[in-house]
Amino acid sequence: MSDNPKILIAGGGLGGLALAQALRHGGLDVAVYEQDPTPQIRNQGYRIHIDPDGNAALRTCLPPDVLGVVRDTAGINGDLVAMYTHQLNQTMALTFPNTSDAEITNVDRNTFRRGLLTGLSEVVHFGHTVSAYEVTESGRVRVEFTEGGTDEGDLLIGADGVGSAIRRQLLPHATVLNLGLRCIYGRMTITEATEPLIPEDFHRGFCWVADESGCGAGFAPQRFRSHPAGTEDYLMTTVVATTERLALSDDELFALPPEQLWKIAVEATADWHPAVREIFAHADPETFFPITLRAGRRIDPWQSGPVTLLGDAIHTMPPTGGVGANTALQDAATLATELLTAARGEQSYPHAIAAYEAVMLPRGFDTVDRSLQMAAQMFPQTA
Ligand SMILES: Cc1cc2nc3c(=O)[nH]c(=O)nc-3n(C[C@H](O)[C@H](O)[C@H](O)COP(=O)(O)OP(=O)(O)OC[C@H]3O[C@@H](n4cnc5c(N)ncnc54)[C@H](O)[C@@H]3O)c2cc1C
């Protein structure tokens, strides 16, 4: 491998971009290939909880100016995670008082991704779907794009999310379980009119409300520290339900327009506490979209090589633990640290990849297990 290897990253999501930032800052040659034609082309989702591990990973990966952008555009810190019955009787509460503003507790996903893209315009190539790779005779990696064309590098990192094309080729035996849970994700813009509808606790962090029929709803505020253009404060309003409770096939659910998905959320919570009903009644119908909850099945270590995986591409997990993005960021930090050690000549690149995988695999799948345990507590029907 050359002294200045070229590192290809398939996927410009949260993990891939954090890795690209770290490697580029460390002086390595990086190219990120992202299937989306532009950063804003699809709804990326809403609020993401960032935990202390995610914060540590961001400090490792991001140059100070980029970390500054991400911090300035993060959400105002929350101090509560709590659970309630559907009549809003609290059953569990964890508080996190006095979190310093140097730490981030929540971000808006679109805004976070835009922050992670800071300074990477020459490195990230949108509209490039990696369809396959080939390890050449000289041990380099050539990737092919669905849109046409190829590129070649010394290493390939599959950061291409739950449907990873790189995982399918590298680990064809790896499987992803469908958990029988569907999420209908939406939001309510916080305005002078809607703010008084929000119960006090819902202003403070993530609140989970559930009935006993296999339906729950998560609420969390996204109040920007400073508003990037086009952003408004909102309350994330998400319904998660078993497929039995929803009583819709995936073909039906995923074909519904946002307004119909919103109606499902309104109807699913029709006999809940009036405060919850008011929130759904005032949510923004056009913001609702469906997601399937999945989990990667634990996989044995494989023979390391010039292709590896990161984040949801290898260990996707349900959002019940609120840690998938944090784990992807941790992967990026671990991999960047190992590769930059190799760049300084302190170890070989193959050793760096092997050292990364030895940490990433058990950590990632332990986190999947914890998220599944949480899902089983929240939805005993699926356990
Ligand atoms: C409803 C919901 C709420 C969540 N809340 C939280 C939370 O609060 N906290 C938390 O830590 N996690 C949360 N997560 C999980 C988190 O979103 C993921 O774990 C995280 O985004 C994984 O990052 P990643 O970089 O591995 O993948 P992604 O962020 O999914 O990025 C993958 C990228 O690869 C691109 N791509 C895919 N295929 C190709 C290809 N063939 N070629 C090129 N590009 C490709 C995609 O377009 C995408 O941009 C939540 C998830 C959901 C669904």
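Residues numbered from 1 in each chain as written. Predicted model: local features only at pLDDT ≥ 70, side-chain atom pairs only at ≥ 80, totals over all residues.

Some words on the packing of helix 2 (residues 52–61) against helix 11 (residues 324–343)
Direction vectors running N to C along helix 2 and helix 11 enclose 35°, while the axes themselves pass 8 Å from each other. Regarding helix 2 and helix 11, the two cross each other, and that crossing is left-handed. In contact with D53, G54, A57, L58, T60 and C61 of helix 2, helix 11 contributes A325, N326, L329, Q330, A332, A333, A336 and T337. Partitioning the contact of helix 2 with helix 11 into residue classes produces eight nonpolar, five polar and one charged. (Axes fitted to C-alpha atoms, helices over the stretch in contact; angles between N-to-C directions. Helix = DSSP H or I, 4+ residues; strand = E, 2+ residues; numbered from the N terminus. Left-handed = near helix turned anticlockwise from the far one by under 90°. Contact = placed C-beta atoms within 7 Å. Nonpolar A, V, L, I, M, F, W, Y, C, P; charged D, E, K, R; others polar.)

Here's the deal with the site of the ligand
Taken together, 34 residues sit near the ligand, with G11, G13, G15, G311 and G324 positioned nearest. Only helix 1 (14–25), strand 2 (29–34), strand 3 (47–49), strand 12 (176–189), helix 10 (312–315) and helix 11 provide two or more residues apiece to the shell around the ligand. The element contributing the most residues to the shell around the ligand is helix 11, with four residues. The residue makeup of the shell around the ligand, split by class, is 15 nonpolar, 15 polar and four charged. For the shell around the ligand, the domains that each give at least three residues are domain 1 (6–39 + 117–175 + 297–382) and domain 2 (179–293). (Near = placed C-beta within 6 Å. Domains from an automatic or database assignment.)

Observations concerning the domain arrangement of the protein
One frequently used descriptor of interface size is the decrease in accessible area upon assembly of the parts. According to the domain assignment, the protein consists of domain 1 (6–39 + 117–175 + 297–382) and domain 2 (179–293). Distance from the C-alpha centre of domain 1 to the C-alpha centre of domain 2: 30 Å. Counting from both sides, the interface comprises seven residues of domain 1 and, opposite them, 10 residues of domain 2. Looking at the side of domain 1 that touches domain 2, its residues break down into four nonpolar, three polar and no charged.

Quick word on helix 2
Quick reminder: α-helices carry 3.6 residues per turn. Residues three or four places apart thus point the same way. Three or more residues of helix 2 are buried, namely G54, A57, L58 and C61. An end-on view of helix 2 places all buried positions within 100° of arc, on one side of the element. In this fold, the buried residues of helix 2 make contact with helix 1, helix 3 (64–72) and helix 11. (Buried ≥ 20, exposed ≤ 12 C-beta atoms within 10 Å, placed from the backbone. Arc of directions from axis to C-beta.)

Concerning the packing of helix 11 against helix 12 (residues 349–378)
Helix 12 packs onto helix 11 with a crossing angle of 165° between their chain directions and a minimal axis gap of 8 Å. Considering their axes alone, helix 11 and helix 12 lie roughly antiparallel with respect to each other. Pair helix 11 / helix 12 crosses with right-handed handedness. For the pair formed by helix 11 and helix 12, the contact residues are T327, Q330, D331, T334, L335, E338, L339, T341 and A342 on the first element and Y349, A352, A355, Y356, V359, M360, R363, G364 and T367 on the second. Taken together, the residues of the contact of helix 11 with helix 12 break down into nine nonpolar, six polar and three charged. (Parallel < 35°, antiparallel > 145°, perpendicular 65-115°, else oblique.)

Remarks on the sheet that holds strand 9 (residues 141–145)
In space, the three strands of this open sheet follow the order 8-9-10, with antiparallel pairing throughout. Only two strands of the sheet have a single partner each, and these edge strands are strand 8 (130–135) and strand 10 (150–153). Each neighbouring strand pair of the sheet contributes to a mean axis angle of 20°, computed without reference to strand direction. Note that strand 8 and strand 9 share five bridges and pair antiparallel. Opposite A132, over in strand 9, you have E144 as the bridge partner. (Pairing = 2+ DSSP bridges.)

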